Amino acid sequence: MTKKLRTEDVKNFFEAVLTLEDVEECYEFFEDVCTVNEVLSIAQRFAVAKMLRTKETYKDIAEKTGASTATISRVNRALNYGNDGYDKVFARLKEQNK
């Protein structure tokens with residue numbers, strides 16, 4: 001059985017996230033909604049994705065982030081065969097930092 005992501009609850013959650021106005025509000029909301037480990041895991045995956053995009057090796061990424069090779073591989077698969085979500089965010093962050 002495959003879990004479906006596009007549920008009304010997930011949509012409501014994403015809409016709630018989109019109301020957050022700054023990093024401090026993100027800290028407050030995600031600390032309430034997630035465990036510390038869940039937030040750290042998501043942040044780790046994002047860091048891994050950034051490093052993969054700059055062509056760092058799995059070994060270097062594992063050493064710098066503490067991510068397992070399984071996690072690095074999973075993120076790499078999302079970067080190469082996913083929905084381009086990481087790339088959209090990376091492009092927008094790059095544009096903001098100009």
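Preceding this paragraph is the structure being described.
A few points on the structure. (Residues numbered from 1 in each chain as written. Predicted model: local features only at pLDDT ≥ 70, side-chain atom pairs only at ≥ 80, totals over all residues. Heavy atoms only, no water.)

Note on placement: Phe-13 falls in helix H1 (residues 8-18). Non-local contacts of Phe-13, meaning those with residues more than four positions away in its chain, are made with Phe-29, Phe-30 and Val-33. (Helix = DSSP H or I, 4+ residues; strand = E, 2+ residues; numbered from the N terminus. Contact = heavy atoms within 4.5 Å.)

Bringing the packing of aromatic side chains into the picture now. All told, the structure shown has seven aromatic pairs when counted by the stated rule. Measuring from centroid to centroid gives 5.9 Å for Phe-13 and Phe-14, while their planes differ by 45°, and the two rings are tilted. Assessed through its relative accessible area of 29%, Phe-13 is described here as partly exposed. In this structure an aromatic cluster arises from ring pairing among Phe-13, Phe-14, Phe-29 and Phe-30. (Phe/Tyr/Trp six-rings, centres within 6.5 Å; stacked < 30°, edge-to-face > 60°. Buried < 20%, exposed > 50% of the residue type's maximum accessible area, 1.4 Å probe, protein only.)

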